[in-house]
Amino acid sequence: MPKAYEVIADDIRRSIREGERRPGDRLPAETELAERYRRSVPTIQNALRLLSEEGLIDRRHGLGTFVRSPRTLAVRDNRRHQWEKDRARQPLPERAATGATEHDTGLEHQDLVFHVTYREIEAPEELAEAFGVPEGTVLLERRYRTRCATETAPLNLVTSYLVRDMIAANPALLDGANEPWPGGTQHQLSTVGIEVARIEERFTARPPTPEEAADLELEPGTSVILLHKTSYDIDDRVVDISDVTLPGDRTELLFTTWLERW
């Protein structure tokens, strides 16, 4: 038999899902809810805690409890890589009009806030081995934190690595001020004669670290999806390694596989 706070949570949850309470609406005070449901304030608090953990409400100190606006959903389709490669050869206006984030979310360029930091690091053993270069080789580390303009949390956490000497022929690729780059990484690499031939992606899932939970504003119990992406050129050389942390509560992975006909 459901506990009293679960019954109350079910009723408030239903009112949100059926549109009786809309995003941004303020819920009645805890004392008012206790009177309405004829239960104690601690029981109401347990119900609200449950709804907060589900991401349905925000409890703002000193302001009250509000129905949370749904977060932007990102659908990551494995066909995006060919889309990015095709776009890399398009004229600048077309490349500048939309990017991979817009492709995944359906948002427009003006709906997004881009933040990127570049720095040079010495390749640790694991990255050096993956790139096939000596340990200590200079890498360009790029950290992306793109968010919807109406939200405070980034859509994901991206860290990308390139071998500096591999791209140094185009100094513009070393300056984060040139981001967001029209055409993305595949176009960037094409400016120094590198054509991406294949991409490997490995996915795992785990609970977030405290830092990830804070950065992505995850509710308790929400997992993250870890994507390790390796890009190879036409000579089977590793040209880009990216680690992406995807929030499990607003990411959908879509894989489409075309099968050869008999």
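The following paragraphs examine the structure supplied in this document. All values reported here derive from a predicted model rather than from experimental measurement.

1. Observations regarding the overall build of the protein chain
Alright, step 1. A tally of helices and strands in the protein chain yields 10 helices and 12 strands.
Alright, step 2. Per-residue burial for the protein chain yields a buried fraction of 42% across its 262 residues.
Alright, step 3. In the protein chain, of all internal contacts separated by at least 6 residues, the share reaching a separation of at least 24 is 59%.
Alright, step 4. Accessible surface for the protein chain amounts to roughly 15100 Å². Of this, 50% is attributable to carbon and sulfur atoms.
Alright, step 5. Positive and negative side-chain charges in the protein chain, numbering 35 and 47 respectively, have mean positions lying 6 Å apart.

2. Digging into helix α4 (residues 80-87)
Alright, step 1. Of the positions making up α4, those classed as buried are Arg80, His81, Glu84 and Arg87. Down the axis, α4 shows its buried residues gathered within 125 degrees of arc, on one side only.
Alright, step 2. The secondary structure elements touched by the buried residues of α4 are β3 (74-77), α5 (92-97), α6 (100-105), α9 (184-190), β9 (196-206) and β10 (224-233).

3. Some details on the packing of aromatic side chains
Alright, step 1. Under the defined criterion, the tally for this structure stands at one aromatic pair.
Alright, step 2. Between Phe203 and Phe255, the aromatic rings sit 5.7 Å apart at their centres with planes inclined by 80 degrees, giving edge-to-face as the arrangement. Taken together, the residues span a long stretch of sequence, with Phe203 in strand β9 and Phe255 in the segment after β12 (251-254) at a distance of 52 residues.
Alright, step 3. For Phe203, a relative accessible area of 27% translates into the label partly exposed.
Alright, step 4. We classify Phe255 as partly exposed; its relative accessible area is 47%.
Alright, step 5. Above the face of the Phe66 ring, Arg60 is positioned so that its terminal group lies 4.2 Å from the ring centre.
Alright, step 6. Residue placement shows Arg198 over the ring face of Tyr232; its charged tip is 3.7 Å from the ring centre.

4. What to know about the side chain of His187
Alright, step 1. Within the secondary structure, His187 is located in helix α9.
Alright, step 2. A residue is classified by how much of its surface remains accessible, and His187, at 12% relative accessible area, is buried.
Alright, step 3. Leaving out residues up to four positions away in the same chain, His187 has contacts with Ala88, Arg95, Trp181 and Pro182.

5. Some remarks on the nonpolar core
Alright, step 1. Counting 28 residues, the largest nonpolar core has Phe131, Leu139, Tyr161, Ile167, Leu189 and Val239 as the members making the most contacts within it.
Alright, step 2. For this core, the elements supplying multiple residues, two or more each, are β5 (116-122), α7 (125-131), β6 (138-144), β8 (157-163), α8 (164-167), β10 and β11 (238-247).
Alright, step 3. Counting residues per element, this core draws most heavily on β11, at five residues.
Alright, step 4. Ignoring anything within four residues of it in the chain, the contact list for Leu189 reads Leu162, Ile167, Ile194, Val196 and Val239.
Alright, step 5. Counting 15 residues, the second largest nonpolar core, distinct from the first, contains Ile8, Ala47, Leu51 and Ile57.

6. Describing the pairing of strand β2 (residues 64-67)
Alright, step 1. One ladder, built from four bridges, connects strand β1 (residues 57-60) with β2; its direction is antiparallel. Looking across to β2, one finds that Arg59 is bridged to Thr65.

7. A closer look at the pattern of salt bridges
Alright, step 1. This model, assessed by the stated rule, comprises 21 salt bridges.
Alright, step 2. In this structure, Arg14 and Asp11 form a salt bridge, with 3.1 Å as the shortest nitrogen-oxygen distance. Residue Arg14 and its partner Asp11 are located together in helix α1 (residues 4-17), separated by three residues, close to a single helical turn.
Alright, step 3. Of the residues examined, Arg14 reaches a relative accessible area of 30% and is grouped as partly exposed.
Alright, step 4. The shortest N-O distance in the salt bridge between Lys85 and Glu195 comes to 2.8 Å. On the criterion of sequence distance, the pair formed by Lys85 in helix α4 and Glu195 in the loop between α9 and β9 is long-range, its members being 110 residues apart.
Alright, step 5. Judged by relative accessible area, Lys85 falls into the partly exposed class, the value being 24%.
Alright, step 6. Among the charged side chains, a salt-bridge network with shared partners connects Asp11, Arg14, Glu18 and Glu20.

Calculation notes
- Residues numbered from 1 in each chain as written.
- Predicted model: local features only at pLDDT ≥ 70, side-chain atom pairs only at ≥ 80, totals over all residues.
- Heavy atoms only, no water.
- Helix = DSSP H or I, 4+ residues; strand = E, 2+ residues; numbered from the N terminus.
- Buried < 20%, exposed > 50% of the residue type's maximum accessible area, 1.4 Å probe, protein only.
- Contact = heavy atoms within 4.5 Å.
- Areas by Shrake-Rupley, 256 points an atom, 1.4 Å probe, with all protein chains shown as cover.
- Lys, Arg positive; Asp, Glu negative; His and termini not counted.
- Charge placed at Lys NZ, Arg CZ, Asp CG, Glu CD.
- Arc of directions from axis to C-beta.
- Phe/Tyr/Trp six-rings, centres within 6.5 Å; stacked < 30°, edge-to-face > 60°.
- Lys NZ or Arg CZ within 6 Å of the ring centre and 35° of its normal.
- Core = buried A, V, L, I, M, F, W, Y, C linked by side-chain atoms within 4.5 Å.
- Pairing = 2+ DSSP bridges.
- Salt bridge = Lys/Arg side-chain N within 4 Å of Asp/Glu carboxyl O.

Everything listed is a geometric property; what it means functionally is a separate question.
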